[in-house]
Each structure stands twice: as C-alpha cells, then as structure tokens.
Amino acid sequence: MEDTIMSKYRLKVGAARKDVTPLPSMFPFKQADLNGDGQYTYARQAIHLRAVILDNGVKRFLFLVSETECGNLHYIKKYAMEKYGITEDYISFSNTHSHSCPLKAVYDPGTTLEEMNREVKMGEFGPESPVQQNEWDYGKYCFEQSIAAIDDAVANLKPARFGHAEGKSYINISRDELLPNGQYAFGTNPERPSDKTLSVLKFVDENGSMIAGIINYAVHSTMGFRVKDKDGNMAAYGDLAGEIANFVEEAYAIRGEETVVAWTIAAGANQTPVHSFFHTYHPDGSWEPDERYNHYLGEYMWKLSAHMAARQGNDALKVFDSISKLKENIRIDVAERYLKLPATKVTNWGLPQLFDDREIDDSKMHNVDVPNQFVYIGLKLIKIGDLPVFCYEGEMMVEIGMRLKEAAPLKNLVIVTCYQPAVDRDLHDRFHGSHYYVDKWGFENHTPSYGRNPVKDAITEEKVTEAMFDMFDEILNPDI
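Residues numbered from 1 in each chain as written. Predicted model: local features only at pLDDT ≥ 70, side-chain atom pairs only at ≥ 80, totals over all residues. Heavy atoms only, no water.

Re the pairing of strand β1 (residues 12-19)
One ladder, built from eight bridges, connects β1 with strand β4 (residues 48-55); its direction is antiparallel. If you follow aspartate 19 over to β4, its bridge partner there is histidine 48. Bridge analysis of β1 against strand β9 (residues 158-159) gives two bridges, and the strand direction is antiparallel. Note that in β9 the partner of lysine 12 across the bridge is proline 159. (Pairing = 2+ DSSP bridges. Helix = DSSP H or I, 4+ residues; strand = E, 2+ residues; numbered from the N terminus.)

Some words on the packing of aromatic side chains
For the coordinates displayed, the defined rule picks out 14 aromatic pairs. Ring geometry for phenylalanine 162 and phenylalanine 203: centres 5.0 Å apart, planes at 25°, overall stacked. On the criterion of sequence distance, the pair formed by phenylalanine 162 in strand β10 (residues 161-168) and phenylalanine 203 in strand β13 (residues 197-204) is long-range, its members being 41 residues apart. The same class applies to phenylalanine 162 and to phenylalanine 203, which are both buried. When the ring of tyrosine 184 is compared with that of tryptophan 441, the centres are 5.5 Å apart and the planes differ by 75°; the resulting orientation is edge-to-face. In this pair, tyrosine 184 sits in strand β12 (residues 184-189) while tryptophan 441 sits in helix α9 (residues 440-445), placing the two residues 257 residues apart along the sequence. (Phe/Tyr/Trp six-rings, centres within 6.5 Å; stacked < 30°, edge-to-face > 60°. Buried < 20%, exposed > 50% of the residue type's maximum accessible area, 1.4 Å probe, protein only.)

Description of the pattern of salt bridges
Scanning the entire structure with this criterion turns up 24 salt bridges. The partner of arginine 226 in a salt bridge is aspartate 290, with the nearest N and O atoms 3.7 Å apart. Of this pair, arginine 226 sits in the loop between β14 (210-217) and β15 (234-236) while aspartate 290 sits in the loop between β19 (287-288) and α6 (300-322), and the two are 64 residues apart along the sequence. Judged by its relative accessible area of 6%, arginine 226 is buried. (Salt bridge = Lys/Arg side-chain N within 4 Å of Asp/Glu carboxyl O.)

What about the state of the cysteines?
Following the criterion strictly, the structure yields zero disulfides and no others. Free cysteine cysteine 101: the closest other cysteine sulfur is in cysteine 142, separated by 9.0 Å. Residue cysteine 101 is classed as buried on the basis of its relative accessible area, which comes to 6%. The exposure class assigned to cysteine 142 is buried, which follows from its relative accessible area of 0%. (Disulfide = S-S within 2.5 Å.)

Some points on the packing of helix α8 (residues 398-407) against helix α10 (residues 460-476)
The interhelical angle for the contact between α8 and α10, taken along N-to-C directions, is 30°, at an axis separation of 11 Å. Taken together, the axes of α8 and α10 lie roughly parallel to each other. Along this stretch, α8 crosses α10, giving a crossing that reads as right-handed. Across the interface between the two elements, Ile400, Arg403, Leu404 and Ala407 of α8 pack against Glu461, Val464, Thr465, Met468 and Phe469 of α10. Within the contact of α8 with α10, the residues separate by chemical class into six nonpolar, one polar and two charged. (Axes fitted to C-alpha atoms, helices over the stretch in contact; angles between N-to-C directions. Parallel < 35°, antiparallel > 145°, perpendicular 65-115°, else oblique. Left-handed = near helix turned anticlockwise from the far one by under 90°. Contact = heavy atoms within 4.5 Å. Nonpolar A, V, L, I, M, F, W, Y, C, P; charged D, E, K, R; others polar.)

So, the pairing of strand β5 (residues 60-66)
Judged by how many residues are buried, β5 sits mostly within the fold: six of seven residues are covered. Of the pairings in the sheet, the one linking β4 to β5 comprises seven bridges and is antiparallel in character. Bridged to alanine 51 within β5 is leucine 64. Two strands pair when backbone bridges link them, and β5 and strand β6 (residues 91-95) are joined in this way by five bridges, in the parallel orientation. Bridge assignment links leucine 62 to a residue of β6, and that residue is isoleucine 91.

Written as structure tokens, this is what we have:
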C-alpha cells in the first residue's frame, strides 16, 4: 500500500540558467547610496538567475534564485500560476543579496514608467529617487528572462532522484567587531558566533548526472561593491555568490555534466567574507573604517572574491559527491505564514552614521515606537522528502538561525533568507525600514545592525520561532 502511495510522487526536475547582465545600452547604473557616488559602467562577469522546478506528479514547486533584483515578482508569479498550474504557495523567489549588481530592476507591465513615478515612494531615509529609464528597461529585461527561465525549466523536466547533505566551509566570519572603545562596528570578530554549515540539495537524472543543485551558506556577497578598476570605473557582477555558483557549474561541465547550480544565502545578516573589512587602526586609539562613503578599494578585492569562491566551490563539490542515498519518490509539503510586527526606529541614526561608523554615538541612540506602523515578514516552510527548508523574508542574524536549526523538529534545517513572497497584501501601514532583524543580544549591545532594526523590542526571533513550530505542526500533523 505504501509503495502505491509513494509511486504517485515520482519526481521530475527541470532547471535553467539565464543571463541577466545589463545590456551595454543600460549603463551607467546607480549603486547603493551608502557605497558612494560612483556608478557601474560595465559588467566584468555575467550576472545570472536560475530556475529549478520540482514536479512529483501531484504538485510542482518553483525555486527562482537571482543574483540581482528581479522585475515584477507579482507578474512572474501570476505567469507561473496561470501557464503551469504552480500554486502561489509552491513558488519561492529569493536573491543572493549581491552588493555588486544594479540597485534597481523596476518594471510593472500593468503600468508605465511615467505613471509609476507619479507616486512618491518612501525609503528608509526618506523619499526614494524616481525610477530612471535604464532601471525600468533593466527591470523589464529581468522580468522577461525570469519568464524564459521558467519556460525552459518546465521544458527540461525529466525523471530525477533527490538527495541532500551538509558539510563545512570556512569563508565567513562574524562582522560584529568590538572596537577598543567598547562600541561595535562592521568589521570582523572571530569570537562571535559563525555558522560554517554548507548545505546542498542535489537532483540527478536516471544516469546519475546532476540536473540541478542548490547551495546554502551564511555569508554576504560584498567583495566587489566598492571596487574601482585601474581606470576609475566600477563593474557589476554576481559577486561572491555568483562566482561560487559559476565555479561549481564549470566543474561539472568539465566532468561532462551540464547542470544548474543556485547559491542561496542562509542566516548571514551579520556574516561577512573572512577576507574583508580592512580597517586602519592607529596607536592613539583612533581608526578609519574601510567601509565608508566614497571610499573605494582596489582590484585585489576581486582576486580575494575569486579565491574564496574557489574554496567554497571545492567544499561544495565534496559535499555533492558525498551524497550516495538519493530517492525518486518525493513528497513535497508547504506551509506559509505572514507576520505583522510593531515597528520601531532608532534616534540619532541616519545617513551620516550609515556613511561612517565613527559618527555613531551609542550614548545618544535609543528606540522610539512608530505608532500604527508595522513590519511584515513572509515565511515559508517547505518539506522536500525528509528535508525542511525554511524561507525568510529579509536578513536573519546567524545567532537566530543557529537557534532555529537547533529547535526545529526535523534535522538539517536549511534556512533561505532574502526570500521575496511576492504576495498581494495591503501595505498601507508598512514601516519603511531596513531588514536587519537583530536578536535580543544585538538589541541590548547595539551591534552594527541595531540602528537598522525595524521591529519593536527585538521580538522578531520570538515570533518567527512560534510561526516555524506552527508550520511544522501543520505539515507533520495535517489531520489534527
């Protein structure tokens, strides 16, 4: 009887990779304000998005992972639902949180650029600048490439088997650096928690060749976003995440296997590449942070990025190769929640403090309530066979992630952050803040992310944990 039931879950998997590098006519591109006033004038490497579709004969699940911002996720979701029957809850969009890609990819096929700019949108530090024509064009390009990736992934569906494993990789470190004056700043701190877990999901065809892989690790892709080349120009690329995915795909191509490998960011909000943050310290106790407005680093950062990508690429290959138990009958279950949490903001925190850590005065920073404003966090729990995957909107501190893994009812919890729900919901009362959700310790000790924590009293972990247990209960005990 059990064999009959499981046979209907015979897995098929299809995957596709699409180039979303801005076209030459779209440059120059603005970068994030905190990084300086430089602009991206060319791309030094291709930027990609990857689609992986699972079909077990009962349900289809879509993973779409991009190294840059996608176009309009609402319409991408609508397309997948209407053309391929993928239900809304069985769609997961996420990005790698690369800091070296264009800032905006804005496109809405339901309106025009002129109509979009009539509405002034509020950002974390005030009104956002109007959408530029090249940003609109790039958003349309990303939208079209997303649709094409989904089409190709469905066309590539074939019988598959699934396995997963964990290993270790040592390219990250806590970025909560404790300064001599007792204040925390963005930097490196080997004494603070850091999760070295490297999780991989592997999908192979009937001949054992890999159709697709998903890598999950807690580190920021922040190696190239403040680099100017010898000619004084900035270059866009997929940064560390993109280079890792490319490395693994190229390694499999050398083996004769054409595969698609998507890299996803785990609970890495306060995890930085181990070879980053080169502050200058002086004997008199003063210091100069290397990450400050209009301060650019040399091309050596690109070399360090490639070095760490190769290290993790080799780590990932070892973990992929270690998987010997793969199953062809895979049940897929999903649960979703949307949290609505009270908002807060920090006084004496703004662009000057963002541009230069030395402007931060802890003694003047405290929280104030933001009445009738709320922070929304979308959550999705996916159970693929016996593997739980927890998707989280925004950035998650590593301490929270490690505690969620420890508490989860199932082992080997994979946490995918920078998840974008792309759902229809009323956001008139949305608080326009950052997405750094600190834990209680970070809240009390004013870690670097404290100034941009938008949730009152740092209750995010408590509410997310409650929701995670509720979703596990829904999946594991459906009849109760």
